[in-house]
2 protein chains.
Amino acid sequence: MSKKQQADELVFLPLGGSDEIGMNLNLYGYGPEHARQWVIVDMGVTFGDLSTPGVDVIVPDPSFIEGENVLGIVLTHAHEDHIGAVGWLWSRIRVPIYATPFTAYLVREKLRDAGILDEVEIIEVPLGGDLKLGPFEMTLVTITHSIPEPNGLAIRTPLGTVLHTGDWKIDDQPITGAPTDVDALRRLGDEGVLAMVCDSTNVFVEGSAGSEEGVREAMTRLIGELRGRVAVACFASNVARLDSVIRAAEASGRRVGLLGRSMHRITAAARHVGLLQDIQPFLTDAEIRVFPKEKVLLLCTGSQGEPRAALSRLAEGTHPHASLGQGDHCIFSSRVIPGNELAIGRLQDKLADRGVRLYTEKDHPGIHVSGHPCREELRQMYGWVRPRIAIPTHGQRRHLVEHVNLARDLQVPEAVAMRNGDMVRLAPGRAEIIDEVPAGRLYVDGGMLVPAAGEALRERRHASTNGVLIVSFALDGKGRLASDIDMRSLGLPGDETLPLGDALDDLAEEVERVVEGLKREERDDDTAIEHAVARRLKKASQRLWDRRPIVETVVLRV
Amino acid sequence: MSKKQQADELVFLPLGGSDEIGMNLNLYGYGPEHARQWVIVDMGVTFGDLSTPGVDVIVPDPSFIEGENVLGIVLTHAHEDHIGAVGWLWSRIRVPIYATPFTAYLVREKLRDAGILDEVEIIEVPLGGDLKLGPFEMTLVTITHSIPEPNGLAIRTPLGTVLHTGDWKIDDQPITGAPTDVDALRRLGDEGVLAMVCDSTNVFVEGSAGSEEGVREAMTRLIGELRGRVAVACFASNVARLDSVIRAAEASGRRVGLLGRSMHRITAAARHVGLLQDIQPFLTDAEIRVFPKEKVLLLCTGSQGEPRAALSRLAEGTHPHASLGQGDHCIFSSRVIPGNELAIGRLQDKLADRGVRLYTEKDHPGIHVSGHPCREELRQMYGWVRPRIAIPTHGQRRHLVEHVNLARDLQVPEAVAMRNGDMVRLAPGRAEIIDEVPAGRLYVDGGMLVPAAGEALRERRHASTNGVLIVSFALDGKGRLASDIDMRSLGLPGDETLPLGDALDDLAEEVERVVEGLKREERDDDTAIEHAVARRLKKASQRLWDRRPIVETVVLRV
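What you see is a predicted model; the values in this text were computed from it and never measured.

*Asks:* How would you summarise the sheet that holds strand β26 (residues 486-490) of chain A if you had to cite specific residues and measurements?
*Replies:* Residue and element names in this part refer to chain A. The 3 strands are arranged β26-β25-β27 in an open sheet whose pairing can be described as mixed. At either end of the open sheet lies a strand with only one pairing partner, and these are β26 and β27 (550-557). Averaged over all neighbouring strand pairs, the angle between strand axes comes to 15°, with direction disregarded. Helix-sheet contacts for helix α15 (residues 526-545) involve β25 (468-475), β26 and β27, and the interaxial angle to β27 is about 145°.

Take a look at the structure:
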């Protein structure tokens, strides 16, 4: 078939978010293979952990889409895993960004931090609004989630309609914003939905996530009972939660102080779009210091045990403006993000040690609800939308597979568990993975974007478990030793039986023997010398420490 | 008061286990301060994690008790956090070890591995048996826990009786061994118990842990329903669980194969003490390879996502004798140990990806129960034993604090949250912390026992987040450069804007300028030169990578 004859296709291609919960970067493509037009939905980060030392931020690899015909970037909501990569990746794509006002406000901050705000066209779309990008006619569908202005996207194309749910739950009383627009979803279903690309986070959890209104009631009750100072830790971006806590505080005669940068940042954004009105002013830092304990509630960042966040400082007793102690209370209105269990445990140990009473969703059900749909909500959504194809996203492999099973149980005709980089053709014909494109992660390492499999992190990891041996010596023109042998180590231990200094002296002697034993023809060949020395040192290290450290052999010629 | 006049005291002193769940090492002391006699109860390890790269095993620092008058080491049960340090620490104490047969069997293996079995006197004590060590008259009290032969210790002294609970729960049908000896506990309470040193693991969990018999029923039901191959992951040491799974397998016409070294090790120990009788022989590896899927159940190690364990190999498809795929099942009859969430998630992703159906205690309650007492069980125990003093142990700080609160609610007259190294006087007089002794962790690093705050791990951690710069050059007698400047890095990144090679060349030039700019009086002073170079390189690294790498400056003199 010649290029001209190629038929139009509608494809979906996640570059992030379909092997993980986080780092969302979704592509929709329309047109024949040689001339596709693309829209990007979301551009998020995920975060590094102890397995990526020195790397805090991880972004999807956008290589595939660079240089393609991209019509725009549409952002569904302002969580970091949906917008956090904009500052890192926009310059490689350079197309307008579409977002609702709250999201746009926070994206502008990111672009300002990245120094590229002036270059980017940001188009604010009202809630429920429409936008047309080439063949894609999109309508924002109001859903509910744990942040203001969450949107699904109804994407209409000549080949059919896709509902991209974004992150969602069903909440009839979400506190901020309107409830899930069930009518709009039903109408979409009536119109006919080709495919639904849908949140999988809670696919293993039976029942429903629960309403923010329930949290408001539970928090009001709990805070009303407490004497002493009260700290509440939650995600700053959950403005409904902030609103509930603030009103619970006011109902119990407390004024609210904000601790932590993102509390200030997000409340400013929320006020900008008309949220958090009719509340008393937040306490200033100076007021926090002097207000009586019983009259204060502190809204804190750091629910995940982040060491530099406000709550960790309170736990360490190093916060400049506030302290918690015997008779005080700390409410975790938050979940434990997998991977943070130990950090949160350590934080809670320190708080308990100060005599602070702890409240978590485990022992006080109702003080937190998830922002993602549980199985019952997924069933409802599929009932309303009735897509022909289910495409699970926003999940690790096991979530996507389970979501496919669920969709099949619900009689959805087709369901596909995707991997990042899989390109699925949604129409025409049966849904089918027709291509695999490069996808992966880029690490923000030393201020640079580097491949996840890059040398630098690999070396750091190797050094972190095995240590480093460094040997340096000078050779004269004839390959004879012209200096002492300098032998040093990083990260290798010694003990009373084998002091480290003695071990290094022994190793230096071994190196000397290697150098002295070089054959005439080897004496000119620095590479051969380095190899011979490294080989000997690795063997000796295995004997001394049962390790294979990185060996750096420096041969200087004088 | 002269030494002669000093009164006898009974003291308790944890060197491990009272700031953590794991690494138990408890001391009981009797006598006047200058002439105390000690018994050691348990000698366990904890395990390293990603925050201790290169360190897998961590043991308590026994310095305080070395050289003291120790009468013996009594082991309550055979979990690693109670016996795992014996091979590492016994040589520093060199006293007899007392244990019941199952525990003794496994301790002998450890001592054999450490090459010291011949030096150690191990005295087997029967279940419910007595032992007298100086002023300590001890009786083993039968309790229930997730391993065969779990014991509490009633420790009678002239100054009163202590009940050291060990790890316990209340299980009327523990499958292996006798149920909790409630009569013995009540009788102890009637006699009068001065202090109870008690497990705190589940103090935040309401209700009761549940019975192994319940797990047997749930597993029998579940396994009976399954077609395809079934793998069950659980802790090998939970022999009751193994027994239940084996009988459930047999009831559904399956033969059992063991995958993983500790499955073989523990089942051998269990048979040695008369457990796991009347069952069909385990499948050999060759039989596992050829038996029909529907007729096999695989008992696997690796429930915590350990990368080299049997289940991880099945998930990777690299196990030499077995495989799991579409239509097969994997039951996690285990809990998630905090810190292992991500590893377990990755393991489950791989299994799900192969089409293996997963069953965990989250979605299938009843297929696992804890071995530790929940709050209702703690209440019952306090009701039976009625101690004057509650000493929570086996918990992190928040557990110990909460356990103290619970004990106070239960009207226990005194309750003390200890820290490792705290010495509490139990009698005479009110319980009081009278001393603080050195306590801490020793890391097994490169086959050596090194202090937790040691240089080696500190360097490896620093290198893992910040990288390393190594610069070497030779100077002649007058302090003039006699070689090229060799500049290399470990773990520092480059990108298109700043290739690493260019960055290193620039840095080498900076070093050259530093050396050339040295004042006459500095040219003889290698330390001054190293400092000047390192200072410049750190500053430059901050500029290039926003990092402060370790800088190694090697000055060779020729």
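*Asks:* Explain the packing of helix α12 (residues 397-409) of chain A against helix α10 (residues 341-353) of chain B to me, and be specific about the residues and the numbers.
*Replies:* α10 of chain B packs onto α12 of chain A with a crossing angle of 40° between their chain directions and a minimal axis gap of 7 Å. Here α10 of chain B runs oblique to α12 of chain A, going by the angle between their axes. Regarding α12 of chain A and α10 of chain B, the two cross each other, and that crossing is left-handed. Residues Arg397, Arg398 and Val401 of chain A of α12 of chain A pack against Gly345, Gln348, Asp349, Ala352 and Asp353 of chain B of α10 of chain B.

*Asks:* So what's going on with a negative patch on the surface? Residues and values would help.
*Replies:* Residues and elements named next belong to chain A. On the surface, Asp484, Asp502, Asp505, Asp506, Glu509, Glu512 and Glu516 cluster together to form a negatively charged patch. Mapped onto the elements of the fold, Glu509 is located in helix α14 (residues 500-516). The partly exposed category is assigned to Glu509, whose relative accessible area is 45%.

*Asks:* Outline helix α3 (residues 101-113) of chain A, supporting the account with residue identities and numerical values.
*Replies:* Residues and elements named next belong to chain A. The first and last C-alpha atoms of α3 sit 19 Å apart over 13 residues, in line with the 18 Å expected at 1.5 Å per residue. All of the buried residues along α3 are Phe102, Thr103, Ala104, Leu106, Val107, Glu109, Lys110 and Leu111. Tucked inside the fold, the buried residues of α3 contact α1 (80-83), α2 (86-93), β7 (97-99), β8 (122-124), α6 (239-251) and α7 (261-272). Looking one or two residues past α3, Gly115 carries a phi angle of roughly 75°, positive in sign.

*Asks:* Residue-level account of the confidence of the model for chain A, with values.
*Replies:* On average, chain A scores 96 in pLDDT, and the residues at 70 or more come to 99%. Across the assembled chains, the prediction reports ipTM 0.91 with pTM 0.93.

*Asks:* Lay out the environment of Pro392 of chain B with the relevant residues and their values.
*Replies:* All names here are of chain B. Tracing the backbone through its elements, the reader meets Pro392 in strand β19 (residues 389-393). Overall, Pro392 belongs to the buried group, its relative accessible area being 0%. With 229 residues separating them along the chain, Pro392 and Leu163 place their C-alpha atoms 12 Å apart. Excluding residues that lie within four positions of it along the chain, Pro392 makes contacts with Ser18, Cys198, Ser200, Leu400, His403, Val404 and Val416.

*Asks:* Please give an account of the pattern of salt bridges that cites residues and values.
*Replies:* This structure, assessed with the given rule, holds 68 salt bridges over all chains. Salt-bridge contacts for Lys110 of chain A lead to Glu80 of chain A; the nearest nitrogen and oxygen are separated by 2.8 Å. Of this pair, Lys110 of chain A sits in helix α3 while Glu80 of chain A sits in helix α1, and the two are 30 residues apart along the sequence. Of the residues examined, Lys110 of chain A reaches a relative accessible area of 18% and is grouped as buried. Judged by its relative accessible area of 27%, Glu80 of chain A falls in the partly exposed class. Taking the shortest distance from any N to any O, the salt bridge between Lys350 of chain B and Glu316 of chain B comes out at 3.2 Å. Placement of Lys350 of chain B in helix α10 and of Glu316 of chain B in helix α9 (residues 310-316) is noted, with a sequence separation of 34 residues between them. Exposure remark for Glu316 of chain B: the relative accessible area of 43% places this residue in the partly exposed category. Within the structure, one salt-bridge network assembled from shared partners comprises Glu206, Arg375, Glu376, Arg379 and Glu402 of chain A.

*Asks:* Any chance you could break down the state of the cysteines for me, citing the residues and the numbers?
*Replies:* Under the criterion given, the structure shown has 0 disulfides over all chains. This cysteine, Cys234 of chain B, is not joined by any disulfide, and Cys300 of chain B carries the nearest cysteine sulfur, 8.8 Å off.

*Asks:* Tell me what's going on with the interface of chain B and chain A, and back it up with residues and numbers.
*Replies:* A common way to state how big an interface is: give the accessible area lost once the parts meet. Counting residues at the interface gives 65 residues for chain B and 65 residues for chain A. Carbon and sulfur atoms make up 61% of the surface buried where chain B meets chain A, a total of about 5,200 Å² over both sides. By the criterion of area lost to chain A, the three top residues of chain B are Arg398, Met448 and Leu490 of chain B, representing 12% of everything that side buries. Seen at the junction of chain B and chain A, the total is 10 salt bridges. Put simply, Asp349 of chain A and Arg398 of chain B hold a salt bridge, and the shortest N to O gap is 2.9 Å. If you look at where chain B meets chain A, you find 24 residue pairs in polar contact (both at pLDDT 80 or more).

*Asks:* Which residues make up the relation of the copies chain B and chain A, and what values do they have?
*Replies:* With an axial shift of 0.0 Å and an RMSD of 0.0 Å, the rotation relating chain B to chain A amounts to 180°. Both chain copies can therefore be described as sitting about a two-fold axis. A symmetric contact is evident, with 100% of the interface residues of chain B recurring at the interface of chain A.

*Asks:* Run through the sheet that holds strand β12 (residues 160-164) of chain A, naming residues and quoting values.
*Replies:* Residue and element names in this part refer to chain A. In spatial order, the strands read β9-β10-β11-β12-β13-β19-β20; together these 7 strands make up an open sheet with mixed pairing. Each having just a single partner strand, β9 (130-133) and β20 (414-415) make up the two edges of the open sheet. Here 2 bridges tie strand β19 (residues 389-393) to β20, and the two strands are oriented parallel to one another. Bridge pairing links Ala390 to Ala415 in β20.

*Asks:* With reference to specific residues and values, describe the packing of helix α11 (residues 375-385) of chain A against α12 of chain A.
*Replies:* Residues and elements named next belong to chain A. The N-to-C vectors of α11 and α12 enclose an angle of 50°; their axes lie 11 Å apart at closest approach. Considered as vectors, α11 and α12 are oriented oblique to each other. Between α11 and α12 lies a crossing whose hand is right-handed. Note on element contacts: α12 touches α11 through Glu402, His403, Leu406 and Ala407, opposite Arg375, Leu378, Arg379 and Tyr382.

*Asks:* An account of the environment of Ala540 of chain B is requested, with residue identities and associated values reported.
*Replies:* With respect to the helices, strands and loops of the structure, Ala540 of chain B is situated in helix α15 (residues 526-545). The contacts of Ala540 of chain B, once residues within four sequence positions are left out, are Leu507 and Glu510 of chain B.

*Asks:* Summarise the pairing of strand β27 (residues 550-557) of chain B; cite the residues concerned and give the values.
*Replies:* Residue and element names in this part refer to chain B. Most of β27 is tucked away, with 7 of its 8 residues classed as buried. Sheet topology note: the strand β25 (residues 468-475)/β27 ladder contains 8 bridges and is parallel. By the bridge assignment, Ile470 is partnered in β27 with Glu552.

*Asks:* Before we move on, can you summarise unusual backbone geometry with the specific residues and values?
*Replies:* Residue Pro428 of chain A follows Ala427 of chain A across a cis peptide bond; omega there is 0°. As for its placement among the helices and strands, Pro428 of chain A is situated in the loop between β21 (422-427) and β22 (432-436). Positive phi is not limited to glycine here, since Asp278 of chain B has a value of about 55°. Assignment of secondary structure puts Asp278 of chain B in the loop between α7 (261-272) and α8 (285-290).

*Asks:* Tell me about the packing of aromatic side chains, and name the residues and values.
*Replies:* The relative placement of two aromatic rings is captured by the distance of their centres and the angle of their planes. Residue and element names in this part refer to chain B. Per the counting criterion, the structure on display carries 6 aromatic pairs over all chains. With 6.3 Å between their ring centres and 80° between their planes, Tyr30 and Phe136 make a pair best called edge-to-face. In this pair, Tyr30 is assigned in strand β2 (residues 25-31) and Phe136 in strand β10 (residues 136-142), connecting sequence segments 106 residues apart.

*Asks:* Give a description of helix α4 (residues 182-191) of chain B that names residues and reports values.
*Replies:* Residues and elements named next belong to chain B. For α4, the full list of buried residues reads Val182, Ala184, Leu185, Leu188 and Gly189. Buried residues of α4, viewed axially, fall in a sector of 165°; they line one side. Among the exposed residues of α4, those pointing more than 90 degrees away from its buried face are Arg187 and Asp190. The secondary structure elements touched by the buried residues of α4 are β10, β11 (151-157), β12 (160-164) and α11 (375-385). Where α4 ends, the next residue or the one after it, Gly192, has phi of about 105°, a positive value.

*Asks:* Talk me through the environment of Arg261 of chain A; I want residue IDs and the actual numbers.
*Replies:* Residue and element names in this part refer to chain A. Mapped onto the secondary structure, Arg261 falls in helix α7. Of the residues examined, Arg261 reaches a relative accessible area of 71% and is grouped as exposed. Sequence separation of Arg261 and Ala309 is 48 residues, and the distance between their C-alpha atoms is 8.4 Å.

About the criteria used
Throughout this document, residue positions are counted from 1 along each chain, in the order its sequence is written. Whichever chain is written first is A, and whichever ligand is written first is 1; the rest continue in order. Totals for whole chains, interfaces and linings use all residues, but because this is a predicted model, local features are given only for residues with pLDDT of at least 70 and pairs of side-chain atoms are given and counted only at 80 or more. Based on all heavy atoms of the structure, the side-chain values leave hydrogens and waters out of the count. Should DSSP find at least two bridges between two strands, the strands are taken to pair. Numbering of helices and strands runs from the N terminus; a helix is a DSSP stretch of H or I covering at least four residues, while a strand is a stretch of E covering at least two. Only the stretch in contact is used when a helix axis is fitted, and all axes are lines through C-alpha atoms; the angle between N-to-C directions ranges over 0 to 180 degrees. Here a residue-residue contact requires only that any non-hydrogen atoms of the pair lie within 4.5 Å. Note on terminology: angles under 35 degrees are roughly parallel, angles over 145 are roughly antiparallel, angles of 65 to 115 are roughly perpendicular, and the others are oblique. Crossing chirality is assigned from the near helix's rotation relative to the far helix, an anticlockwise turn below a right angle marking it left-handed and a clockwise turn marking it right-handed. Patch membership requires over 30% relative accessible area and the absence of a salt bridge. Like charges are linked within 9 Å, and nonpolar side chains (Val, Leu, Ile, Met, Phe, Trp, Tyr) within 5 Å. Reported accessibility uses the Shrake-Rupley method at a 1.4 Å probe radius. Residues are deemed covered only where the shown protein chains occlude them. The rule for a salt bridge is simple: a side-chain nitrogen of Lys or Arg has to be within 4 Å of a carboxyl oxygen of Asp or Glu. In this tally, Asp and Glu contribute negative charge and Lys and Arg positive charge; neither His nor the terminal groups of the chain are included. Charge positions are represented by NZ for Lys, CZ for Arg, CG for Asp and CD for Glu. For every residue, the accessible area (1.4 Å probe, protein chains only) is compared with the maximum for its type, and the residue is labelled buried under 20%, exposed over 50%, or partly exposed between those bounds. Here the expected length of a helix is defined as 1.5 Å per residue gap, with one fewer gap than residues. Across the chain, each position has a pLDDT score giving the predictor's confidence in that residue, from 0 to 100. To count as a disulfide, a pair of cysteine sulfur atoms needs to be within 2.5 Å. Here the buried area means the combined drop in accessible surface, using a 1.4 Å probe, for two parts upon being joined, counting both sides. Counted as a polar contact is a pair of N or O atoms within 3.5 Å, where, for protein atoms, one must be capable of donating a hydrogen and the other of accepting one, and residues adjacent in sequence contribute only when both atoms are in side chains. We superpose the copies by least squares over the C-alpha atoms of residues that have a pLDDT of at least 70 in both of them. Pairing of aromatic rings covers Phe, Tyr and the six-membered ring of Trp, with a centre-to-centre limit of 6.5 Å; geometry is then stacked below 30 degrees between planes, edge-to-face above 60, and tilted otherwise. The directions from the helix axis to the C-beta atoms form the arc being described.

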